[in-house]
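Notes for the structure review
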Amino acid sequence: MRRFELPADWDHDRPLERHVRELLTADRHRSALDEVLRHLRGDPESTTGLFMAQVTLMQSRTGRLTSPEPVTEQQASSALLAPVMTECSGCRGVWCSNHALMFHGPGAATTLTVMNPLGLQCQDCRYTLCRECRNQRPQSYTAPVDMAEIVSQPCPAPGCAGELTTPVLPTGRHDVEPTAPESIEGVVVARDGLIPPTMEEALRVVTKFVPLTADDAPLIHNRPGVPGLMSDTSTRDEMASSLVHDLEREGLLAHGAWTRSRRLFILAGTAIDTDYLITVVRKPKGTRPRGLMEALRSAKRSRRKGG
Ligand SMILES: [Zn+2]
Ligand SMILES: [Zn+2]
Ligand SMILES: [Zn+2]
């Protein structure tokens, strides 16, 4: 899982930072996060982008009730934000912890005691438990019942001798497509049944699992499913394959698309109406930007010289 480690300092993208902070000062949280998402779409590893994502999510949490422009569920669950998120190792629930920001900058805490933390995390292996999962664990029977809760417990990960405590830092999400945005040629979306999703419905699912934004609608192909074929992996693959080959024939995907594809099967859950089958097709090799090809070639050359 790709996760974001906030460095002590970095080469700030000042224009981006200034613009997002202006929007936040005006309580325009949704526009601020849109700005961050657009930036991350072009540069998913951008430190300033991921840092401002954390800042925006934190500010929107406290300002949600009064903001004329609250952050939307779809924005907050974007796959582009996955590196700043913390995922529970038990129930896979996801949240954004502010602990990394509390350690950041001049005057930041060096040790941190968090009252009523949303979760606990192993300081060695980053095994994480959300508050609900932690409360389901059996309490120690040797501890007196009236004792204040000690916010620390041994890490349950096999072979780990660490402690679950705070801070809780980003872990990333296990369920996001790892392909870089600029190498995605197209995304084929089908769901259970004959009615293809609307673009609005498709975007809600796609942006959650694939690092694209609402601006990427032209890359998304919504297709009717075949009833009954969503039930197991082999029939799902069959359906995805026939959809991809159709798009190839229609000239909407380049030749050989099936060999460049990965399937994501998304079960119906919160904010999703039914099961979805998402097929992510990468661009064919050789369509990489010239600059990158040059950089790869010269890296190979210098490696050969060095070795
Ligand atoms: Zn920028
Ligand atoms: Zn949990
Ligand atoms: Zn551990």
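As the structure is a prediction and not an experimental result, all values here were calculated from the model.

**Observations concerning the pattern of salt bridges**
- This model, assessed by the stated rule, comprises 16 salt bridges.
- One salt bridge in this structure joins Glu 35 and Arg 38, with 3.8 Å as the shortest N-O distance. Here the residue Glu 35 and the residue Arg 38 both occupy positions in helix α2 (residues 29-42), the gap between them amounting to 3 residues, near one helical turn.
- Sharing partners across several salt bridges, the network here consists of Arg 3, Glu 5 and Arg 126.

**Here's the deal with the coordination of the zinc ion (ligand 2)**
- Listed as protein donors to the zinc ion (ligand 2) are Cys 88 (SG), Cys 91 (SG), Cys 130 (SG) and Cys 133 (SG); their distances from the metal cover 2.3 Å.
- Between the 4 donor atoms coordinating the zinc ion (ligand 2), the angles at the centre fall across 106 to 114°, so the site counts as tetrahedral.
- When the donors of the zinc ion (ligand 2) are listed by position in the chain, the intervening gaps give C-x2-C-x38-C-x2-C. As far as the burial class goes, Cys 130 and Cys 133 line up, both buried.

**A look at the nonpolar core**
- Counting 24 residues, the largest nonpolar core has Val 20, Leu 33, Val 36, Leu 57, Leu 81 and Val 84 as the members making the most contacts within it.
- Listed by contribution, the elements that provide at least two residues to this core are α1 (14-25), α2 and α3 (47-63).
- Here this core gets 7 residues from one element, more than from any other, and that element is α3.
- With residues up to four places along the chain from it excluded, the contact list for Leu 33 reads Thr 56, Leu 57, Val 71, Gln 75, Ala 76 and Leu 81.
- Within the second largest apolar cluster, 16 residues are counted, among which are Ala 202, Val 206, Val 210 and Leu 212.

**Some words on the pairing of strand β3 (residues 119-122)**
- Residues Gly 119 and Gln 121 point to one face of β3 and Leu 120 and Cys 122 to the other, with burial holding for every one of them.
- Two elements, β3 and strand β4 (residues 128-130), share 3 bridges in a ladder whose sense is antiparallel. Residue pairing for β4: Gly 119 is matched across the bridge by Cys 130.
- What sits between the antiparallel neighbours β3 and β4 is a turn of 5 residues, in which Arg 126 has the positive phi angle 65°.
- Across 2 bridges, the pairing between β3 and strand β6 (residues 163-165) is antiparallel. Note on β6: the bridge partner recorded for Gln 121 is Thr 165.

**Thoughts on the packing of aromatic side chains**
- Enumeration over the complete set of coordinates arrives at 1 aromatic pair.
- Judged by centre distance (5.0 Å) and plane angle (65°), the rings of Trp 10 and Phe 51 are edge-to-face. Taken as a pair, Trp 10 in the segment before α1 and Phe 51 in helix α3 lie far apart in primary sequence, 41 residues in all. Across the pair, exposure class does not vary: Trp 10 and Phe 51 are buried alike.
- Above the ring of Phe 265, the side-chain terminus of Arg 236 is found at 3.6 Å from the ring centroid.

**Observations regarding the sheet that holds strand β10 (residues 276-282)**
- The mixed open sheet is built from 4 strands, whose spatial order is β8-β7-β10-β9. With one partner strand each, in any of the chains shown, β8 (220-222) and β9 (261-266) form the two edges of the open sheet. Each neighbouring strand pair of the sheet contributes to a mean axis angle of 20°, computed without reference to strand direction.
- Relative to β10, strand β7 (residues 184-191) is paired through 7 bridges, and the arrangement is antiparallel.

Definitions and cut-offs
- Residues numbered from 1 in each chain as written.
- Chains lettered and ligands numbered in written order.
- Predicted model: local features only at pLDDT ≥ 70, side-chain atom pairs only at ≥ 80, totals over all residues.
- Heavy atoms only, no water.
- Salt bridge = Lys/Arg side-chain N within 4 Å of Asp/Glu carboxyl O.
- Helix = DSSP H or I, 4+ residues; strand = E, 2+ residues; numbered from the N terminus.
- Donors = N, O, S within 2.8 Å, 3.2 Å for Na, K, Ca; no water.
- Tetrahedral: all angles 85-135°; square planar, octahedral: opposite > 155°, others 65-115°.
- Buried < 20%, exposed > 50% of the residue type's maximum accessible area, 1.4 Å probe, protein only.
- Core = buried A, V, L, I, M, F, W, Y, C linked by side-chain atoms within 4.5 Å.
- Contact = heavy atoms within 4.5 Å.
- Pairing = 2+ DSSP bridges.
- Phe/Tyr/Trp six-rings, centres within 6.5 Å; stacked < 30°, edge-to-face > 60°.
- Lys NZ or Arg CZ within 6 Å of the ring centre and 35° of its normal.
- Axes fitted to C-alpha atoms, helices over the stretch in contact; angles between N-to-C directions.

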